[in-house]
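Below, each chain spelled out in residue letters.
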Amino acid sequence: MDIRFTRLPVGYELQADIGPHRRIACRINPPAGRVGLVDILPDVFALADALAADAIQAARERGQTVACGKGCALCCRQLVALSDHEALLAAHMVGLLNPDVQGRIRQAFAATLARLEDQKLLAEMLDSHANAFADAGRIIAVQRRYWELQIACPFLIDEACAIYPYRPLLCRRYLVTSPREHCHDSFTADHRVKKLPLAYDLASAAASFDGLAARPSRPVALPTLLLVNGLLQGHTRPQTSATAMLTAFLRHAAEHFAR
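Everything numeric in this text was worked out from a predicted model, so none of it was measured.

Now for the pattern of salt bridges. Scanning the entire structure with this criterion turns up 14 salt bridges. We note a salt bridge from Asp 54 to Arg 22, for which the minimum N-O separation is 2.3 Å. With Asp 54 in helix α1 (residues 41-61) and Arg 22 in strand β3 (residues 22-28), this residue pair connects regions lying 32 residues apart in the sequence. Residue class for Arg 22 comes out partly exposed when judged on its relative accessible area of 34%. Among the salt bridges present, the one from Arg 77 reaches Glu 159, with a minimum N-O distance of 3.0 Å. With Arg 77 in the loop between α1 and β5 (81-83) and Glu 159 in the loop between β6 (156-157) and β7 (160-161), this residue pair connects regions lying 82 residues apart in the sequence. Here Arg 77 falls in the buried class, since its relative accessible area comes to 16%. A relative accessible area of 39% means that Glu 159 is categorised as partly exposed. One salt-bridge network, in which partners are shared between bridges, spans Asp 2, Arg 4, Asp 17 and Arg 23.

A word on the nonpolar core. One broad rule of soluble globular proteins: the nonpolar side chains tend to lie buried together. Within the largest apolar cluster, 64 residues are counted, with the highest numbers of intra-cluster contacts made by Leu 14, Phe 155, Leu 202 and Leu 225. If you list the elements that add at least two residues to this core, you get β2 (12-19), β3, α1, α2 (84-94), α3 (99-118), β6, α7 (202-207) and α9 (242-256). If you tally residues by element for this core, the top one is α1, at eleven residues. The contact partners of Leu 202, leaving out residues within four places of it in the chain, are Val 44, Leu 47, Ala 48, Leu 51, Leu 169, Phe 249 and Ala 253. Leu 79, Leu 116, Tyr 146 and Leu 149 belong to the second-largest nonpolar core, a separate cluster that totals eleven residues.

Conventions and cut-offs
- Residues numbered from 1 in each chain as written.
- Predicted model: local features only at pLDDT ≥ 70, side-chain atom pairs only at ≥ 80, totals over all residues.
- Heavy atoms only, no water.
- Salt bridge = Lys/Arg side-chain N within 4 Å of Asp/Glu carboxyl O.
- Helix = DSSP H or I, 4+ residues; strand = E, 2+ residues; numbered from the N terminus.
- Buried < 20%, exposed > 50% of the residue type's maximum accessible area, 1.4 Å probe, protein only.
- Core = buried A, V, L, I, M, F, W, Y, C linked by side-chain atoms within 4.5 Å.
- Contact = heavy atoms within 4.5 Å.

What follows is the structure, encoded as structure tokens:
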């Protein structure tokens, strides 16, 4: 994989080959010095957005239109699994929001946990994501039960994401070319949802990468991220330069999560 960093007056332009005659480019502005993966997540998000833009352009060339857009939040009722790195950043972002929005989000998280506890789903959600994420049948069963409850994402305020620039990688890759109304039937056997394929699954790559190398996946169910934040903060995380880490991350994604 050819990965290039071109220094700009502020930050870099990152270019990467993602297939025959296919190259993505994005501007990044990572911190100087040694960093952990959580520190460069905004740059990983820029990469994810560039991958999405590439896929959307390819869809247009095939005569397809992406149905997703502002005002549609059907997918915000699905259970999102995010990496521990993203969970740390999202929890940090809550504390930076204005007090009114922050209060609404904290109340939404508390109400969601109470609802999951009442439905006897919280313990299974925590255990399956921490100890059995490779068991696809078990994870899908949890996702289906969550979808049936139609609980809005705690970050959803008036049908808009309160942390949109910092939303998880999984949210960034959820793009469909089928009509929006088909998303209501996402968990039926005969659903007609047509997801747009992206070159790499960066969400899975982030969950299985410690900042330097591959590791067992550490996914966090989004509704539980404030609950487990203290535990996540106690983990030691490898550090290196931002360019070295982004290079290693992209190669990890290309090796294990190319589509």
